[in-house]
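Per-entry structural report
So you can see what is in the structure, the chains are spelled out below.
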Amino acid sequence: MGVELTTTRLEDAAKWAKQSLVERASNWGRKFSLFSYPFVTACCGMEFMSVAGPKYDLARFGAEFPRFSPRQSDLLMVVGTVTEKQGPALKRVFEQMAEPKWVIAFGVCASTGGFYQNYSTMPGADQVIPVDVYIPGCPPRPEQVLDAMIMLMDRIQQGRGHSQLRTKREELIAAAAANDE
Amino acid sequence: MAQKVLDALKANHASAIELTESLFGDEIAWVKRDSLVAVATWLRDEPTMQFDSPVFVTVIDRLDWHPTGVPLSAHWSDESGKPRFEVCYQLRSSTHRYRIRLKVAVPEQDARCASLAGIWSAFDWQEREAFDMYGITFDGHPDMRRIYMYDEFVGYPLRKDYPKEKRQPLVRRDDLPINPIKAPGAPHGDR
Ligand code: SF4
């Protein structure tokens, strides 16, 4: 097809150097103005509050306001256990967010279901929505969350977020289709 | 202490009480299914009883119960007569400081029990929980629906024959990551 659909981190780094100035600037802007939507369902919420509070202070990284409307946010934080019953709600919240959007699975419950291996718990939020960064820990230390935040910011700058990649691919596929004609 | 309650129950409702036991300081009265409401109403209204505090209602699934030490026949004549479920109502009287547990034997084929939600309204949601988890239908309950699980859920998860890791997903991603190398020509990669 002539379209490159997979990338490795190294290739990406090389590509980053070739990113257009506009792209680089807009990604820079995106990574420092993450508005998060905390989808808080369980005990990890305490740790989220601690990260958002003054001591660890997520606001240092530009993720200043938790927005309680998915339409105004671009970072979905799935904080805590997701049950099967909540699946439709989670999916809907994600679909309501405007692109580009990112997802962090906060804690093992949101990443894999954690120690809940039963009929009611979804084995990870990635069963229903694509997740960019997983944070292990039950609950994770605030430092881990900050680490994940920085990883996510890295990805955003490189254009490697799930939704960024998808947009990119759609563009590439459309371009290839136009070429073929 | 609550032995008084058991004695009073036996004196006033001899035909309704199948058996009484005292276990670790808890007094238990096995009540016939049909007489449960009458016994409970009496316990609440009788001035010497005044059971005003409903503590909990729960169900025990005796699917594979093989008691050690006590022969099964102490309760039931044989294995086939053993009912699968026990519905337990724990009650407390704050006036007289009595505690009592009412148990009702419920067979698997006819998983019904009388509802006490009309007598103590706190049992409303608890009976819904018991229905949700064990599938015991409480007759006379105002709103017998599932309370925790979704309506699409099939089966009763706390029954011992429900495979505990069997999930019944409502939604799943329809766009799981497809590696384009493995699936050439796939229209989209991972989102
Ligand atoms: S990962 Fe641990 S702390 Fe976080 S929601 Fe699950 S059980 Fe609670």
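As the structure is a prediction and not an experimental result, all values here were calculated from the model. (Residues numbered from 1 in each chain as written. Chains lettered and ligands numbered in written order. Predicted model: local features only at pLDDT ≥ 70, side-chain atom pairs only at ≥ 80, totals over all residues. Heavy atoms only, no water.)

**Things to note about the overall build of chain A**
Scanning chain A from terminus to terminus reveals 7 helices and 4 strands. Listed N to C, the secondary structure of chain A is α-α-β-α-β-α-β-α-β-α-α in terms of helices and strands. C-alpha extents for chain A along the principal axes are approximately 55 × 40 × 30 Å. Of all intrachain contacts in chain A linking residues separated by at least 6 positions in sequence, the fraction that spans at least 24 positions is 78%. (Helix = DSSP H or I, 4+ residues; strand = E, 2+ residues; numbered from the N terminus. Contact = heavy atoms within 4.5 Å.)

**Digging into the overall build of chain B**
Of regular secondary structure, chain B possesses 3 helices and 7 strands. Along its sequence from the N terminus, chain B presents helices and strands in the succession α-β-β-α-β-β-β-β-α-β. A burial count over chain B gives 43% of its 191 residues as buried. When contacts within chain B are restricted to residue pairs at least 6 apart in sequence, those whose partners lie at least 24 apart make up 56%. Of the roughly 10,100 Å² of accessible surface on chain B, 52% is carried by carbon and sulfur atoms. (Buried < 20%, exposed > 50% of the residue type's maximum accessible area, 1.4 Å probe, protein only. Areas by Shrake-Rupley, 256 points an atom, 1.4 Å probe, with all protein chains shown as cover.)

**Quick look at the side chain of Thr81 of chain A**
For Thr81 of chain A, the location among the structural elements is in the loop between β2 (75-79) and α4 (87-96). Not counting residues up to four positions away in its chain, the partners in contact with Thr81 of chain A are Thr41, Ala42, Gln86, Cys109, Tyr116 and Thr121 of chain A.

**A word on the site of the ligand**
Lining the immediate surroundings of the ligand are Ala42, Cys43, Cys44, Gly80, Thr81, Val108, Cys109, Phe115, Gly137, Cys138 and Pro139 of chain A. For the shell around the ligand, the residue count by class is 8 nonpolar, 3 polar and no charged. (Near = heavy atom within 4 Å. Nonpolar A, V, L, I, M, F, W, Y, C, P; charged D, E, K, R; others polar.)

**Thoughts on the confidence of the model for chain B**
Should pLDDT be low for a region, the predicted coordinates there are not to be read in detail. Residue and element names in this part refer to chain B. Residues of chain B with pLDDT of at least 70 account for 83%, and the chain-wide mean is 83. Per-element confidence in chain B is highest for helix α3 (residues 123-134), whose mean pLDDT is 93, and lowest for strand β1 (residues 17-23), whose mean pLDDT is 85. For residues 178-184, every residue scores under 50 in pLDDT, and the model assigns this stretch 9 contacts once sequence neighbours within four places are set aside. For the stretch residues 186-191, pLDDT sits under 50, and the model shows 14 contacts to residues farther than four places along the chain or on other chains. For this predicted complex, the interface score ipTM comes out at 0.75, alongside a pTM of 0.81. (pLDDT = per-residue confidence, 0-100.)

**Section: helix α1 (residues 3-12) of chain B**
All names here are of chain B. Those residues of α1 lying buried are Val5, Leu6, Ala8 and Leu9. The buried residues of α1 occupy an angular sector of 165° when projected down its axis, which confines them to one face. Exposed and oriented more than 90 degrees from the buried face of α1 are Lys4 and Ala11. (Arc of directions from axis to C-beta.)

**Describing the packing of helix α3 (residues 44-52) of chain A against helix α6 (residues 142-158) of chain A**
Residues and elements named next belong to chain A. At a minimum axis distance of 9 Å, the contact between α3 and α6 shows a crossing angle of 70°. One way to sum up the angle between α3 and α6 is to call them roughly perpendicular. For the crossing formed where α3 meets α6, the hand is right-handed. On α6, the residues that touch Glu47, Ser50 and Val51 of α3 are Pro142, Val145 and Leu146. Here the residues of the contact of α3 with α6 are counted per class, giving 4 nonpolar, 1 polar and 1 charged. (Axes fitted to C-alpha atoms, helices over the stretch in contact; angles between N-to-C directions. Parallel < 35°, antiparallel > 145°, perpendicular 65-115°, else oblique. Left-handed = near helix turned anticlockwise from the far one by under 90°.)

**A short note on the interface of chain B and chain A**
Tallying the contact residues gives 28 residues for chain B and 24 residues for chain A. Between chain B and chain A the total buried area reaches about 2,200 Å² when both faces are included, carbon and sulfur atoms providing 55% of it. Inspection of the chain B/chain A interface yields 1 salt bridge. Of the charged contacts in the structure, one is a salt bridge between Arg172 of chain B and Glu84 of chain A, with a shortest N-O distance of 3.0 Å. At the junction of chain B and chain A, the tally comes to 7 residue pairs in polar contact (both at pLDDT 80 or more). (Buried area = accessible area lost by both parts, 1.4 Å probe. Salt bridge = Lys/Arg side-chain N within 4 Å of Asp/Glu carboxyl O. Polar contact = N/O pair within 3.5 Å; in protein donor to acceptor, adjacent residues only side chain to side chain.)

**Examining the side chain of Ser93 of chain B**
Residue and element names in this part refer to chain B. Along the chain, Ser93 turns up in strand β4 (residues 85-93). The class of Ser93 is buried, set by a relative accessible area of 1%. Within the local environment of Ser93, its side chain forms a polar contact with the backbone nitrogen of His96, the two atoms lying 3.1 Å apart. Apart from the residues within four sequence positions on either side, Ser93 is in contact with Met49, Gln50, Phe51, Asp52 and Tyr98.

**A word on helix α7 (residues 162-180) of chain A**
Residue and element names in this part refer to chain A. The first and last C-alpha atoms of α7 sit 26 Å apart over 19 residues, in line with the 27 Å expected at 1.5 Å per residue. Those residues of α7 that fall on the buried side of the exposure criterion are His162, Ser163, Gln164, Leu165, Arg166, Arg169 and Ala176. In this structure, the buried residues of α7 make contact with α2 (21-31), β3 (102-106) and α6. (Expected span 1.5 Å × (residues − 1).)

**Focus: the sheet that holds β2 of chain A**
Residues and elements named next belong to chain A. If you walk across this open sheet you meet the 4 strands as β1-β2-β3-β4, and the pairing is parallel. The open sheet terminates on both sides in strands that have one partner only, identified here as β1 (36-40) and β4 (133-135). Strand-to-strand twist across the sheet, computed as the mean angle between neighbouring axes with direction ignored, equals 15°. With 5 bridges connecting them, β2 and β3 associate as parallel partners. Note on β3: the bridge partner recorded for Val79 is Phe106. The sheet strands contacting α3 are β1, β2 and β3, and the helix crosses β2 at an angle near 135°. (Pairing = 2+ DSSP bridges.)

**Comments concerning the nonpolar core**
Core analysis: the biggest nonpolar cluster contains 44 residues, and Leu36, Leu43, Phe51, Val87, Tyr89, Cys113 and Ile136 of chain B have the highest contact counts within it. Setting aside anything within four residues of it in sequence, one finds Ile136 of chain B in contact with Val59, Phe85, Val87, Val106, Ala111, Arg112, Cys113, Ala130 and Phe131 of chain B. Core analysis: the next-biggest nonpolar cluster, separate from the first, contains 23 residues, Leu34, Leu58, Ala63 and Val79 of chain A among them. (Core = buried A, V, L, I, M, F, W, Y, C linked by side-chain atoms within 4.5 Å.)

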